[in-house]
Amino acid sequence: MAFLTEQDYKTVLKQDFKALILEGDAATQTDAELKAQAEMSTYLRKRYDVAQIFNKVGTERNYNIVMLLTDMVIYHIYSSRTPRNIPELRLDRYDYATKMLTRMSDGTIEEDLPIRKNEDNEEINPLRTGSHTPTTHGY
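Here the structure is a predicted model, which is why all the values come from computation and not from measurement.

**Here's the deal with the overall build of the protein chain**
Item 1. Each helix and strand counted, the protein chain has six helices and zero strands in total.
Item 2. Traced from its N-terminal end to its C-terminal end, the protein chain shows the element sequence α-α-α-α-α-α.
Item 3. In the structure as shown, the protein chain presents an accessible area of about 9,300 Å², 50% of it carried by carbon and sulfur atoms.

Next comes the structure, spelled out in structure tokens:
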């Protein structure tokens, strides 16, 4: 079952534009969804449990993830169909999505998503704290 629904696209892209871009080729949409989800996973995997994120359906899904993923999918559809003629809005939305994902990944933005856990069911914190061994210089 796909993470995104047709309703998700209706909020960010008019259906006639989507039909025009896809030219009746549903495989292009599926391919773009898989690519965008894989790309998003590379950003989130360090901190979050991506399997849990993408196994949610309906209202259980995180709406920021839905919005960002939808923008990324639309960008990938345009880039596969008209790579030299991608609307500036789509470039801006894709750029915004990747910047947000970077911030989520490095912990600048805390999102309500399931945190990765190790075998002992303890949260994995990708941030390390500490310092180098102090150096003393005798002169």
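**Points about the environment of Thr 5**
Item 1. Tracing the chain through its elements places Thr 5 in the segment before helix H1 (6-10).
Item 2. Judged by its relative accessible area of 34%, Thr 5 is partly exposed.
Item 3. Taking the C-alpha atoms as reference points, Thr 5 and Gly 58, 53 residues apart in sequence, are found 8.6 Å from one another.

**Focus on the packing of aromatic side chains**
Item 1. Counting across every chain of the model gives two aromatic pairs.
Item 2. Directly above the aromatic system of Phe 3 lies the positively charged group of Arg 61, at a separation of 5.6 Å from the ring centroid.

**Describing the nonpolar core**
As a rule of thumb, nonpolar side chains are buried together in soluble globular proteins.
Item 1. If you look at the biggest cluster of nonpolar residues, it comprises 31 residues, and the most contacted ones within it are Met 40, Leu 44, Phe 54, Ile 65, Leu 69, Val 73 and Met 104.
Item 2. Elements supplying a minimum of two residues to this core: helix H2 (15-22), helix H3 (26-44), helix H4 (50-54), helix H5 (63-81) and helix H6 (88-106).
Item 3. Take this core: its biggest share by element is 10 residues, from H5.
Item 4. Residues contacting Met 40, with those up to four places away along its chain left out, are Phe 54, Ile 65, Leu 68, Leu 69, Met 72 and Leu 101.

**Here we look at the pattern of salt bridges**
Item 1. With the rule as written, the count across this model stands at five salt bridges.
Item 2. Of the charged contacts in the structure, one is a salt bridge between Lys 35 and Asp 31, with a shortest N-O distance of 3.0 Å. Of this pair, Lys 35 and Asp 31 both sit in helix H3, separated by four residues, roughly a single helical turn.
Item 3. Residue Lys 35 is classed as partly exposed on the basis of its relative accessible area, which comes to 46%.
Item 4. In this structure, Asp 71 engages Arg 90 in a salt bridge whose closest nitrogen and oxygen atoms are separated by 3.6 Å. One end of the pair, Asp 71, is in helix H5; the other, Arg 90, is in helix H6, and 19 residues separate them in sequence. For the pair formed by Asp 71 and Arg 90, the shared burial category is buried.
Item 5. In this structure, a network of salt bridges that share partners links the residues Asp 71, Arg 90 and Arg 93.

**Quick word on the packing of H3 against H6**
Item 1. The N-to-C vectors of H3 and H6 enclose an angle of 30°; their axes lie 8 Å apart at closest approach. Contacts between H3 and H6 involve Glu 39, Met 40, Tyr 43 and Leu 44 on the former and, on the latter, Tyr 94, Thr 98, Leu 101, Thr 102, Met 104 and Ser 105.
Item 2. The residue inventory of the contact of H3 with H6, partitioned by class, reads six nonpolar, three polar and one charged.

Definitions and limits used
- Residues numbered from 1 in each chain as written.
- Predicted model: local features only at pLDDT ≥ 70, side-chain atom pairs only at ≥ 80, totals over all residues.
- Heavy atoms only, no water.
- Helix = DSSP H or I, 4+ residues; strand = E, 2+ residues; numbered from the N terminus.
- Areas by Shrake-Rupley, 256 points an atom, 1.4 Å probe, with all protein chains shown as cover.
- Buried < 20%, exposed > 50% of the residue type's maximum accessible area, 1.4 Å probe, protein only.
- Phe/Tyr/Trp six-rings, centres within 6.5 Å; stacked < 30°, edge-to-face > 60°.
- Lys NZ or Arg CZ within 6 Å of the ring centre and 35° of its normal.
- Core = buried A, V, L, I, M, F, W, Y, C linked by side-chain atoms within 4.5 Å.
- Contact = heavy atoms within 4.5 Å.
- Salt bridge = Lys/Arg side-chain N within 4 Å of Asp/Glu carboxyl O.
- Axes fitted to C-alpha atoms, helices over the stretch in contact; angles between N-to-C directions.
- Nonpolar A, V, L, I, M, F, W, Y, C, P; charged D, E, K, R; others polar.

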